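A look at the structure
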Protein chains: 2
Amino acid sequence: MHFNKGEIVINTLRSVTIKDVAAAAQVSIATVSRVINHTGTVKPELADRVQQAIQELNYSPNSVARSLKTASTSTIAFLVSNISDPFFTTIGRGIEDYIKDFGYNLIVCSIDSSKEKELSYLQMLKEKMVDGIILNTTGFNDEAICELSHQLPIVLSNRRINASVFNGDFVDNDNTSGIYQLTQHLIHLGHRKIGFINGPMHLSTAAERHKGFCDAMKSIGITIDDSYPYAYYGNFSAQSGYDGAKKLMKAEDRPTALVLMNSELALGALRYFAESNIQIPEDLSIVSFGDIHNRELLYVTPTVASTNLMGIGYKMGELLLDRINRKNEIANREVCFVTQISYGNSTKEIPAE
Amino acid sequence: MHFNKGEIVINTLRSVTIKDVAAAAQVSIATVSRVINHTGTVKPELADRVQQAIQELNYSPNSVARSLKTASTSTIAFLVSNISDPFFTTIGRGIEDYIKDFGYNLIVCSIDSSKEKELSYLQMLKEKMVDGIILNTTGFNDEAICELSHQLPIVLSNRRINASVFNGDFVDNDNTSGIYQLTQHLIHLGHRKIGFINGPMHLSTAAERHKGFCDAMKSIGITIDDSYPYAYYGNFSAQSGYDGAKKLMKAEDRPTALVLMNSELALGALRYFAESNIQIPEDLSIVSFGDIHNRELLYVTPTVASTNLMGIGYKMGELLLDRINRKNEIANREVCFVTQISYGNSTKEIPAE
DNA sequence: GCGAGATAAGTAAACGATTCCACAAAACGA
DNA sequence: TCGTTTTGTGGAATCGTTTACTTATCTCGC
């Protein structure tokens, strides 16, 4: 508070406003506003006086007041199932990197795959007047999201919405092709009894990856239906990976290879294999979708379809800001990121039976 | 928009305000506000009318306007070096879990150990009127943070500030004791040539862990000074871990054990050992500070001082909200979380030389 | 029955910016 | 020289709330 030398500062708590600056520079608040925002015209001489007053008073504009008037907060929200999941935080980092250059901030919310949490966060964020939302939805609130999408720019992250009236963009990996390639890899190694562990089929990611698997199996004449013996559906968590691996490997008729439909499932499965002394790839070949943190340092390096998460985040930030600038009045867009197979040592050729 | 059956909606963009509710319920806006906030007294009959109007109009209050008036946004910020680092996101999850029950949101910002980024984020957040900040500081802006701490509640996460005029709380692991115990463990196994890889010493975490190491070594009569041959200082990144391990292991006089001062350093070092075929623990024993994601799935399970990150986050949320409620007018507090040694298979007894 | 105190509701002033509008002064073209 | 446009500035409304203040009504003890 060195700017008040010799005077007693009456009220340090009250922060300096545009009024104080106007008074100090002996101009109107309108002029101060014009100087700050570089709008309208103002004489250089006055502008200097204002700038000087701003310096001396250490003034910075109040974003909240500005937001109220301009109806925009320069804040966007990122809703994910769990902010401590590296998958999402890497995407989040990509988003943040992109938007920060435009003066935007990121609010991050964990909705824990809970229908209620998702709804209540959406409500709260609408009240807070965030400028847009990037949403990895639970899949349980499609109607509400569709309605919201007409009031607020929304970009869907990785999970599509099953409704035609949705107004927004969608970014995802090429799930079908990624899993197709992984499965083909196993097929080429001679595997036929190929199991899979997937998440809930109402999520587009699960459904699309399932399709990739079916397509590949179809190419060798195997049709996947409800009676397919080597299938397990969980919820994209490590626990499901563990449980699924256990169930499939305890069955009389074991698969010789396993497709894990996301990295959490893979980690859970690896835990089970370690505990139960199942050797990878000697006893079982595995592949999985999505990058794994420090994958090369694991006791076995899984072959994966690797994804460009930072890139996805960056792209989603780009789409959302564009949508914000264009007042949400554009046609839906979809961006699909191709995956790249990254080979580890988790698969092995099998002699044809 | 089903609430306007049969009528033409003139302006869907303009959202419904407290005025509309007041008009619909035929009361004043003051009464509506009283109903919403449960303040003052209002006849049940009127309250009902208001509630009904709120329902029918699908009204939700505008947080920005409320924030302007009440000078609080129910938002707190979490500033970390990198939001994609699991260490921080786990803490973040703890914070979020605590604060969400009180209607608070979390803004997450990556400052990348950059002095400028930290400063500009702090400025931006002040303008946005966040109610408080949880800060894992770069260590380069102590004065600015001290000044800010008198205007805005601040809780420091894991990195202390070297200034007496700081006004806020501090939460950390017991760095000194954690490293002391880890080092003692190596000593008990017979190691004497114990190297370490640390972060920059201007960070309190680095300094405190260094002290733990020195204390332990002192107990066997070894004093650590600048000439200690088995030392490497980097920046708490995996790259530093890799580089440090390389340098120490390429020297003529190798250490027989290594203390890694955080988990990133440990992962980087593990990568080097894997590449250069150094067997752990046969060729080298290692220990490290802090949990490692999926530690048991690594090719070697490091012995670590494990930390309760969720708990730390939760505690920081608690301290910050308390500080907010008490208008930042309380004495500084410090909370220290004890660590727990979690044994892996990365250490081995050495025959006394 | 009447004044004091409680209760209930409304009016209007904030909060701190942006921006429309009015208007004065300067610049300009004929 | 006199309109007409351009430029620069200030006044005041506005954004959507909360809340201090006011006023009207009601309750109640004496």
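First, a word on scope: everything that follows refers to the structure included in this document. Here, residues in each chain are numbered from 1, in the same order as that chain's written sequence. To read the labels, note that chains go from A and ligands from 1, taken in the order they are written. In keeping with the predicted nature of the model, local features appear solely for residues at pLDDT of at least 70, side-chain atom pairs appear and are counted solely at 80 or more, and the whole-chain, interface and lining totals rest on all residues. The basis for the side-chain values is all heavy atoms of the structure; hydrogens and waters are excluded.

A few words now on the packing of aromatic side chains. Geometrically, a pair of aromatic rings is defined through the distance of the ring centres and the angle of the planes. Stacked, tilted and edge-to-face are the three classes assigned to paired rings of Phe, Tyr and Trp, where Trp is represented by its six-membered ring and a pair needs centres within 6.5 Å; plane angles under 30 degrees give stacked, over 60 edge-to-face, the rest tilted. Applying the stated criterion across every chain, the model contains 20 aromatic pairs over all chains. Their ring planes at 85 degrees and their centres at 5.1 Å tell us that F87(A) and F88(A) sit as a pair that is edge-to-face. A ring pair is formed by Y242(B) and Y272(B), whose centres lie 5.4 Å apart and whose planes are at 85 degrees; its orientation type is edge-to-face. With Y242(B) in helix 10 (residues 238-250) and Y272(B) in helix 11 (residues 263-275), this pair connects stretches of sequence that are 30 residues apart. A 1.4 Å probe rolled over the protein chains alone gives each residue an accessible area, and that area as a share of the maximum for its type sets the label: buried under 20%, exposed over 50%, partly exposed in between. For Y242(B), a relative accessible area of 18% translates into the label buried. A ring has a charge above it when a Lys NZ or an Arg CZ is no more than 6 Å from the ring centre and no more than 35 degrees off the ring normal. In this structure, R209(A) packs its charged tip against the face of F289(A), placed 4.0 Å from the ring centre. Working definition: helices are DSSP H or I runs of at least four residues, strands are E runs of at least two. Numbering for both runs from the N terminus.

Residues and elements named next belong to chain A. Any two strands with at least two DSSP bridges between them are considered paired. On the basis of which strands lie adjacent, the open sheet formed by six strands has the order 7-6-8-9-10-12 and mixed pairing. Of all strands in the sheet, those bounded by a partner on one side alone are strand 7 (231-233) and strand 12 (340-342). In this sheet, adjacent strand axes meet at a mean angle of 15 degrees when their direction is disregarded. Of the strand pairs in this sheet, strand 6 (residues 194-198) and strand 7 are connected by three bridges, and their pairing is parallel. Bridging across to strand 7, F196 finds its partner in A231. In this fold helix 9 (residues 204-218) packs onto strand 6, strand 7, strand 8 (257-260) and strand 9 (285-289), with an angle of close to 170 degrees to the strand it touches most, strand 6. The angle between two axes is taken between their N-to-C directions and runs from 0 to 180 degrees, where each axis is a line fitted to C-alpha atoms and a helix contributes only its stretch in contact. Any pair of residues with heavy atoms lying within 4.5 Å of one another is described as a contacting pair.

Residue and element names in this part refer to chain B. For a helix, the expected span equals 1.5 Å multiplied by the number of residues minus one. Look at helix 9 (residues 204-218): 21 Å from first C-alpha to last across 15 residues, which is about the 21 Å you get at 1.5 Å a residue. Within helix 9, 11 of the 15 residues are buried, leaving the element largely enclosed by the surrounding structure. Restricting attention to buried positions, one finds in helix 9 the residues S204, T205, A206, E208, R209, H210, G212, F213, C214, A216 and M217. Those residues of helix 9 hidden inside the fold are in contact with strand 5 (169-173), helix 8 (175-188), strand 6 (194-198), strand 7 (231-233), strand 8 (257-260) and strand 9 (285-289).

With that out of the way, let us pick up the pattern of salt bridges. One side-chain nitrogen of Lys or Arg within 4 Å of one carboxyl oxygen of Asp or Glu is enough to make a salt bridge. Inspection of every chain in the model, using the stated rule, returns 34 salt bridges over all chains. Among the ionic pairs, E45(A) bridges to R49(A), the shortest N-O distance being 3.7 Å. Remark: R49(A) and E45(A) occur in helix 3 (residues 44-57); sequence separation between them is four residues, near one turn of the helix. With a shortest N-O distance of 4.0 Å, E296(A) and R295(A) are connected by a salt bridge. Residue class for E296(A) comes out partly exposed when judged on its relative accessible area of 40%. Taken together, the shared-partner salt bridges connect D112(A), K117(A), R93(B), E96(B), D97(B), K100(B) and D101(B) into one network.

Within this scheme a cavity is a closed region of a 1 Å grid, computed over the protein atoms alone, that accommodates a 1.4 Å probe without allowing it to escape, whereas a pocket is open but has protein on both sides within 12 Å along at least five of seven lines; lining residues each have an atom within 4 Å of a point. Grid points are joined across faces, edges and corners, and a volume is the space filled by probe spheres set on the points. Enumeration over the complete set of coordinates arrives at two cavities of 30 Å³ or more. Lining the largest cavity we find 16 residues, and of these T73(A), T75(A), K128(A), T73(B) and K128(B) sit closest to its centre. When residues of the lining of the largest cavity are traced back to their parent elements, those giving at least two are helix 4 (63-70) of chain A together with helix 4 (63-70) of chain B. Split by residue class, the lining of the largest cavity holds six nonpolar, eight polar and two charged. Looking at the second largest cavity, its volume works out to about 120 Å³. Lining the second largest cavity are 14 residues; nearest its centre among them are I83(A), T89(A), V108(A), I83(B) and T89(B). Secondary structure elements with two or more residues in the lining of the second largest cavity: strand 1 (75-80) and helix 5 (86-100) of chain A together with strand 1 (75-80) and helix 5 (86-100) of chain B. Residues belonging to the lining of the second largest cavity are distributed by class as follows: 10 nonpolar, four polar and no charged. Basically, the charged four are Asp, Glu, Lys and Arg, the nonpolar ten are Ala, Val, Leu, Ile, Met, Phe, Trp, Tyr, Cys and Pro, and anything else, Gly included, counts as polar.

The next subject is the relation of the copies chain A and chain B. The transformation that overlays chain A on chain B combines an axial shift of 0.1 Å with a rotation of 180 degrees, and the residual RMSD is 0.2 Å. In short, the pair behaves as if placed about a two-fold rotation axis. Interface overlap between copies: 98% of the residues of chain A at the interface are likewise at the interface in chain B, consistent with a symmetric, same-surface contact. Overlaid copies result from least-squares superposition on C-alpha atoms, with residues included only where pLDDT is at least 70 in both.

A few words on the packing of helix 5 of chain B against helix 12 (residues 309-325) of chain B. Residue and element names in this part refer to chain B. Between helix 5 and helix 12, whose axes approach to 7 Å, the crossing angle comes to 45 degrees. Taken together, the axis directions place helix 5 and helix 12 in an arrangement best described as oblique. Between helix 5 and helix 12 the crossing geometry is right-handed. Contacts from F87, T90, I91, R93, G94, I95, D97, Y98 and I99 of helix 5 reach helix 12 at L309, M310, I312, G313, Y314, M316, G317, E318 and L321. For the contact of helix 5 with helix 12, a count of residues per class yields 11 nonpolar, four polar and three charged. Geometric relationships in this document are graded by angle, where less than 35 degrees denotes roughly parallel, more than 145 denotes roughly antiparallel, 65 to 115 denotes roughly perpendicular, and other angles denote oblique. Each helix crossing is assigned a hand: it is left-handed if the near helix lies turned anticlockwise from the far helix by less than a right angle, otherwise right-handed if that turn is clockwise.

Summarising the element assignment, T73(B) is placed in the loop between helix 4 and strand 1. Given a relative accessible area of 11%, T73(B) falls into the buried group. Excluding residues that lie within four positions of it along the chain, T73(B) makes contacts with V64(A), K128(A), S67(B), K128(B), M129(B), V130(B) and D131(B).

Another aspect to go through is the protein's contact with DNA strand D. Whether a residue is near a molecule or strand is decided by its heavy atoms; if any one of them lies within 4 Å of it, the residue is near. Taken together, 24 residues form the shell around DNA strand D, and within it T31(A), T41(A), K43(A), I18(B) and S33(B) come nearest. In DNA strand D, the atoms that sit within 4 Å of the protein are 65% sugar and phosphate, with bases accounting for the remainder. Under this definition, polar contacts are N or O atom pairs within 3.5 Å; protein pairs additionally need one hydrogen-donor-capable and one acceptor-capable atom, and for neighbouring residues in sequence, both atoms have to be side-chain atoms. At a separation of 2.8 Å, a phosphate oxygen of DNA strand D approaches a polar side-chain atom of R66(B). For the surface near DNA strand D, the secondary structure elements donating two or more residues are helix 2 (29-37) and helix 4 of chain A together with helix 2 (29-37) and helix 4 of chain B.

All right, on to unusual backbone geometry then. A cis geometry characterises the amide bond from I280(A) onward to P281(A), with omega recorded as 5 degrees. Counting through the fold element by element, P281(A) comes out in the loop between helix 11 (263-275) and strand 9. In this structure, F236(B) takes a positive phi of about 65 degrees despite not being glycine. Considering the arrangement of structural elements, one finds F236(B) in the loop between strand 7 and helix 10. Of note, the phi angle at K327(B) is positive, near 55 degrees, even though the residue is not glycine.

By themselves, these are just geometric observations and shouldn't be taken as functional.
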